[in-house]
Amino acid sequence: MNTLLDFHGPNAGYALELYEQYQRDPHSVDAETRAFFSQGFSPDTGSMVAAPLSDAPGALTATQVEVIVRVGRVARLVREMGHADAQLDPLGVNPPPGDPELSLSYHGLTEAAVASLPASVVGGPCAEGATSALEALSRLRTVYSGTVGYEDDHIQIAEERHWFREAVESRRFFATVTDEDRRTLLEQLTAVDSFEQFLERVQPYKGQKRFSIEGIDMLVPVLNTLINEAAKAGTRELVMGMAHRGRLSVLTHVLGKSYEDVLAEFPSDPRAIDALEGSGGETHAYTGDVKYHKGFRLTYQNGGSVSMPVTLAPNPSHLEFVNPAVVGRARAAQESRDRAGLPKRDILASLAVQVHGDASFPGQGVVAETLNLSQLSGYRVGGTIHIIANNQIGFTTTPQDGRSTMYASDLAKGFEIPIVHVNADDPEACLAVTRLAVAYRQKFGKDFLIDLVGYRRLGHNEQEEPSFTQPQMYEKIRQFPRLAVKWGSELVKRGLLTEAETKALTDAAWKRLEDAKEIALKTGYPKHEDHPHTESDPWQVATAVPARQLQTTNAFLNAVPENFAIDSKLEKAFLGGRRNALDGERKVVWAHAEALAYASILEDGTPIRLTGQDTQRGTFTQRQMVWHDIKNGKSYCAHQHLPDAKASLAVINSPLSETAALGFEYGYSVHAEGTLVLWEAQFGDFVNGAQVIIDQFIVSGKAKWEQNPTVVLLLPHGYEGAGPEHSSARLERFLLQCAGSNLRVANCSTAGQYFHLLRRQSATLKTDPRPLVVMTPKSLLRHARAAATLSELSEGGFQAILDDTRDASRKKNVTRLVLCSGKVYYDMVYGAAPQYTERPDYLAAEGVAVARVEQLYPFPSGDLEALIASYPSVQEVIWLQEEPQNMGAWVFMAPRLEKLLGFKPVYIGRPEEASPAEGSQTTHNTEQYRIVTEAFLNVPARKRAK
């Protein structure tokens, strides 16, 4: 047997498939078959000719079988690769790349041969009613290579692929587009087009930045259709995120923000805007943001009983970083947190919609990080609908220079997300794929992506000339008809409207804009009532928990359920010690105090969401909040079964992500008011990976967008000789951005302080909402002297300043007051670098007092003033830290202390460095010893009282 003709009937098709598999990968077939093909087998049977098929399967000739196999292969390739021939670019500047395998001739087929076969060879809805395989294949090409391109071959679940292909090939959602939809389309496109041209032509708006939507005008009808379809499907809330391209049109024509309000934000004379008072140094709660970064909220009504909130989240120019925040908001909207246990989730409660840029989707890593959250149990939202607003160009960068993939959307393939590319100048197709997207999400609870391929009619920001860098493209665009005009002409051609009616729509749109302009010019730039913040904090918050309650809770938290096989080491090292830790001695270590704080917060009725890398266990094996049965692997979290808990707890191990993980928690905390949301870094310096989320959202979200984030950042911090990467949580970066009471920043030194700090944050979530940044310890986690007693938890509260612990009667003799923060206190008092036997004797140092600043911001000026006043003989105040001088708290504390003291404080610590810490344990020990020793050298003598 040397050719395919030597095989008969169905065996010929099987042999051909095996041979193709062998050609792709010889080792994919068994050794005997591989040897057979290697001897010179040829599939060539010459030209395929038409021959009538017999009804008897056994009578098929080898030639007929091969024709069937090849036609079936072409049909499969059209389904898989038809998008390569789709007419997606409205301009025609970037023709489809095509695929030679999609042609009949590539497979040695003629139209006559294909026409001789029944349509069933092609199969699917396109074959229904077709007279032959040729007609069915032609229909298939129309579906897959028209103005829409579909990609689903990367989806691994057969049910999803089959549903998707049936919906596509039946053109089910095209059939739902009615004449009323077509007329509504024109109304929306006319409104968008008139608005953009009005801003382009009319003073005082002409030439001002707006990041026009022109070229992807269909984004507005797509979003409106999506909202309507989601509401009909029972969705109760919709949360959107997008960058600035087209945002003004989305705000006005989707969210319903009035023209008057938008136009008022284009000041005719910037000098006419009243400057914020505050040159004297005070800070403000609200500074605002540019018009194309702002968010808005609409309550959507469908004309009936459906009422659905729609929120467009604000976003800075960091284009894709709103993605995780939007998904976090959607998750918060889906969860009920008013009962003990895990939160209850309903995916119909919300829908997340993301509008991406074609350059930023493949270009910014936060996109991949956020997509990775989509199927994780602690983060999934039942499917996000993604839209790439694809104008085929970045600022000035072409796709060839901006990505390594064929499509901007290819990243989504790795997450098995169906992808539909659609020509943005085919309005009906755009509506159809939008309805397909909502239906898929409803059916499978998974993400869906629409690649809306258009162009950008103007420059990046209306103030630059695009033809400098893309002259040929923009020569074409200058002559290219506007979509509203094209669609109006199409409806006239179809007899759905007259030319007079289309003109009337345009005239009415311009009249509305002219009227809005007059109102906006009279109203002026919108002013917000501003309340200058003082750097204050509500210290007097009740955070103590009755001793009996703590004892009862502690017993429950450390009791192993029946029939639960716990690890013996866990039982011995953790539970045994924790059960007896409330006996009056100093035994409540850091994570134990945290566990009691969380339990009491749940018993108070405040929900908790705690996430981070390995957070259930804790990076340093300290938390152990979730136990695992050693026999069956089942997990148990005692906090979720507390008898007196009135709210839910979610404790989640996050993926290895900082940006998306923290962005998600930011969004969750904004949406779930009154929930204690905490994110823990594996090591404090890992927070570097989320710097954009910190800078653009957490620190400034209140000032720019009037949002109230309350997320808590737990950042392990402290110098133990672990090197530059595991020492510093970059405290200085947070302090640098403190203003207007936008944050709380703490560096606690005891487990009791941490207990009260957490409870204070929970108690003020609604009355004084703001984020909390905590420098959490590493070496102090099990430090006996940092542990708490029962009375320290059941009495008192958080203290911004901890005074020297020695007898107060010695205060009159103190001439040097050393202020520090965090773990370095223990190095001073109990000795750093144990290999050095000659250490300063803290107890004998009569002239030195050591106090701890536990809360750095808001700056506790009143408490510090009282502390300093209690030392009447002080001549020298030192700020001591283990971080380098250009890092840590020194730069923040120095001017504030000088203002408070009336003289300059003295610095002790590491010198200025480019790196946070030494890479050598020996060098670290030397420096640490030097720092704490200097605190006790050359103490000033006490001056005689006058």
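These notes cover the structure that comes with them.

Calculation notes
Residues numbered from 1 in each chain as written. Predicted model: local features only at pLDDT ≥ 70, side-chain atom pairs only at ≥ 80, totals over all residues. Heavy atoms only, no water. Helix = DSSP H or I, 4+ residues; strand = E, 2+ residues; numbered from the N terminus. Buried < 20%, exposed > 50% of the residue type's maximum accessible area, 1.4 Å probe, protein only. Contact = heavy atoms within 4.5 Å. Axes fitted to C-alpha atoms, helices over the stretch in contact; angles between N-to-C directions. Parallel < 35°, antiparallel > 145°, perpendicular 65-115°, else oblique. Left-handed = near helix turned anticlockwise from the far one by under 90°. Polar contact = N/O pair within 3.5 Å; in protein donor to acceptor, adjacent residues only side chain to side chain. Pairing = 2+ DSSP bridges. Core = buried A, V, L, I, M, F, W, Y, C linked by side-chain atoms within 4.5 Å. Phe/Tyr/Trp six-rings, centres within 6.5 Å; stacked < 30°, edge-to-face > 60°. Lys NZ or Arg CZ within 6 Å of the ring centre and 35° of its normal. Expected span 1.5 Å × (residues − 1). Salt bridge = Lys/Arg side-chain N within 4 Å of Asp/Glu carboxyl O. Right-handed = clockwise from strand over helix to strand, strands pointing away.

**Points about the overall build of the chain**
Part 1: When its secondary structure is counted, the chain shows 31 helices and 26 strands.
Part 2: Taking the principal axes of the C-alpha coordinates as reference, the chain spans close to 120 × 80 × 50 Å.
Part 3: Buried positions account for 58% of the 946 residues belonging to the chain.
Part 4: Sequence-distant contacts, at least 24 apart, represent 80% of the contacts inside the chain between residues at least 6 apart.

**Digging into the packing of helix H11 (residues 322–334) against helix H22 (residues 659–671)**
Part 1: As a packed pair, H11 and H22 sit with axes 6 Å apart at the nearest point and diverge in direction by 45°. As the angle between them shows, H11 and H22 are arranged oblique. In this structure, H11 crosses over H22, and the sense of that crossing is right-handed. Mapping the contact onto sequence places Pro324, Ala325, Val327, Gly328, Arg329, Arg331, Ala332 and Ala333 in H11 and Thr659, Ala660, Gly663, Phe664, Tyr666, Gly667, Tyr668, Val670 and His671 in H22.

**A short note on the environment of Gly382**
Part 1: The topology assignment puts Gly382 in the loop between helix H13 (365–372) and strand E9 (384–390).
Part 2: Sequence separation between Gly382 and Lys443 is 61 residues, and the spatial gap between their C-alpha atoms is 10.0 Å.
Part 3: With residues near it in sequence (within four places) discarded, Gly382 still touches Arg345, Ile347, Arg441, Gly445 and Lys446.

**Notes on the side chain of Thr750**
Part 1: Among the secondary structure elements, Thr750 is positioned in the loop between strand E19 (744–746) and helix H26 (751–763).
Part 2: Overall, Thr750 belongs to the buried group, its relative accessible area being 15%.
Part 3: Among the polar contacts made by the side chain of Thr750, one reaches the main-chain amide nitrogen of Gln753 at a distance of 3.0 Å.
Part 4: Excluding anything up to four places from it in sequence, Thr750 contacts Trp590, Ala786, Leu802, Tyr826, Arg852 and Glu854.

**Some points on the sheet that holds E19**
Part 1: In spatial order, the strands read E16-E13-E17-E18-E20-E19-E24; together these seven strands make up an open sheet with mixed pairing. On the outer flanks of this sheet lie strand E16 (649–653) and strand E24 (855–857), each paired with one strand and no other. On average, adjacent strands in this sheet sit at an angle of 15° to one another, irrespective of strand direction.
Part 2: Where strand E18 (residues 712–716) meets strand E20 (residues 772–776), five bridges bridge the pair, whose relative direction is parallel. By the bridge assignment, Leu715 is partnered in E20 with Met775.
Part 3: In the packing of helix H21 (residues 590–604) onto the sheet, contacts are made with strand E13 (608–612), E16, strand E17 (676–680) and E18, and the angle to E13 comes to roughly 145°.
Part 4: In the packing of H26 onto the sheet, the strands contacted are E17, E18, E19, E20 and E24, and the crossing angle to E20 comes to about 165°.

**Concerning the sheet that holds strand E23 (residues 848–853)**
Part 1: The five strands lie next to each other as E21-E23-E22-E25-E26, forming an open sheet whose pairing is mixed. Edge positions in the sheet fall to strand E21 (801–802) and strand E26 (906–910), since each of these pairs with one other strand and no more.
Part 2: Across five bridges, strand E22 (residues 816–820) lies against E23 in parallel orientation. Bridge assignment links Val818 to a residue of E23, and that residue is Val850.

**Notes on the nonpolar core**
Part 1: Formed by 103 residues in total, the largest nonpolar core has its most connected members in Tyr150, Leu238 and Leu436.
Part 2: In terms of residues, this core owes the most to one element, helix H15 (residues 427–444), which gives ten residues.
Part 3: If we skip the residues at most four places from it in the chain, Leu436 touches Tyr150, Trp163, Phe164, Ala167, Val168, Phe173, Val420 and Phe448.
Part 4: Counting 82 residues, the second largest nonpolar core, distinct from the first, contains Ala332, Val367, Leu662 and Ala681.

**Topic: the pairing of strand E8 (residues 351–357)**
Sheet faces and side chains relate simply in a regular strand, where the side chains alternate between the two faces.
Part 1: Among the seven residues in E8, six count as buried, and that is most of the element.
Part 2: Alignment of strand E2 (residues 238–242) against E8, held across five bridges, turns out to be parallel. Looking across to E8, one finds that Met242 is bridged to Val355.
Part 3: Summarising the sheet, E8 and E9 pair through six bridges and their orientation is parallel. Looking at E9, one finds that His356 is bridged to Ile388.

**Here's the deal with unusual backbone geometry**
Part 1: With an omega of 10°, the peptide bond between Gln203 and Pro204 qualifies as cis.
Part 2: Among the structural elements, Pro204 can be located in the loop between helix H7 (179–201) and helix H8 (219–232).
Part 3: Across the junction of Tyr857 and Pro858, the peptide omega takes the value -5°, indicating a cis bond.
Part 4: Counting through the fold element by element, Pro858 comes out in the loop between E24 and helix H29 (861–869).
Part 5: Look at Arg171: it is not a glycine, yet its phi comes out positive at around 55°.
Part 6: You can see Arg171 is positioned in the loop between helix H6 (158–169) and H7.
Part 7: With phi around 65°, Glu462 is a residue other than glycine that occupies positive phi space.
Part 8: Looking at where Glu462 falls in the secondary structure, it is placed in the loop between strand E11 (448–453) and helix H16 (471–478).

**Some words on the side chain of His154**
Part 1: Structurally, His154 can be placed in the loop between strand E1 (148–151) and H6.
Part 2: Not counting the four nearest positions on each side in its chain, His154 is found in contact with Lys413, Glu416, Ile417, Pro418 and Ile419.

**What to know about the packing of aromatic side chains**
Part 1: On inspection of all chains with the given rule, the structure shows 27 aromatic pairs.
Part 2: Aromatic side chains Tyr205 and Phe266 sit 5.5 Å apart centroid to centroid with 80° between the ring planes, which places their arrangement in the edge-to-face category. Remark: Phe266 occurs in the loop between helix H10 (259–264) and strand E3 (283–284) and Tyr205 occurs in the loop between H7 and H8; sequence separation between them is 61 residues. The residues Tyr205 and Phe266 share a single accessibility class, namely buried.
Part 3: What links up through ring pairs into an aromatic cluster is the set Tyr144, Tyr150, Trp163, Phe164, Tyr440, Phe444 and Phe448.
Part 4: Here the basic side chain of Lys291 rests over the ring of Phe266, its NZ or CZ set 4.3 Å away from the ring centre.
Part 5: Seen from the ring of Tyr379, Arg609 lies directly overhead, with NZ or CZ sitting 5.3 Å from the centre.

**Thoughts on H15**
Part 1: Taking 1.5 Å of rise per residue, 18 residues should cover 26 Å, and H15 covers 26 Å from first to last C-alpha, within 8% of that figure.
Part 2: A large share of H15 lies buried, amounting to 15 of its 18 residues.
Part 3: One or two positions beyond H15, positive phi appears at Gly445, with a value near 65°.

**Side note on the pattern of salt bridges**
Part 1: Taken as a whole, this structure holds 52 salt bridges when the rule is applied.
Part 2: Notably, a salt bridge pairs Lys294 with Glu265, separated by 2.6 Å at the nearest N-O pair. One end of the pair, Lys294, is in the loop between E3 and strand E4 (296–301); the other, Glu265, is in the loop between H10 and E3, and 29 residues separate them in sequence.
Part 3: Among the residues examined, Glu265 registers a relative accessible area of 7% and is labelled buried.
Part 4: The partner of Glu594 in a salt bridge is Arg623, with the nearest N and O atoms 2.8 Å apart. Placement of the pair is Glu594 in helix H21 and Arg623 in the loop between E13 and strand E14 (627–628), with a sequence separation of 29 residues.
Part 5: Note on Glu594: relative accessible area 3%, which makes it buried.
Part 6: The network of salt bridges with common partners includes Asp193, Glu196, Glu200, Arg210, Glu214 and Arg482.

**Quick look at the pairing of E11**
Part 1: Where burial is concerned, most of E11 is hidden: six out of the six residues are buried.
Part 2: The side-chain alternation of E11 yields two buried faces, one formed by Phe448, Ile450 and Leu452 and the other by Leu449, Asp451 and Val453.
Part 3: Relative to E11, E9 runs parallel, the two being bridged by six bridges. In the sheet register, Ile388 faces E11, and the bridge partner there is Asp451.
Part 4: At this point the chain moves from strand E10 (residues 419–423), through H15, to the parallel E11, and the crossover so formed is right-handed.

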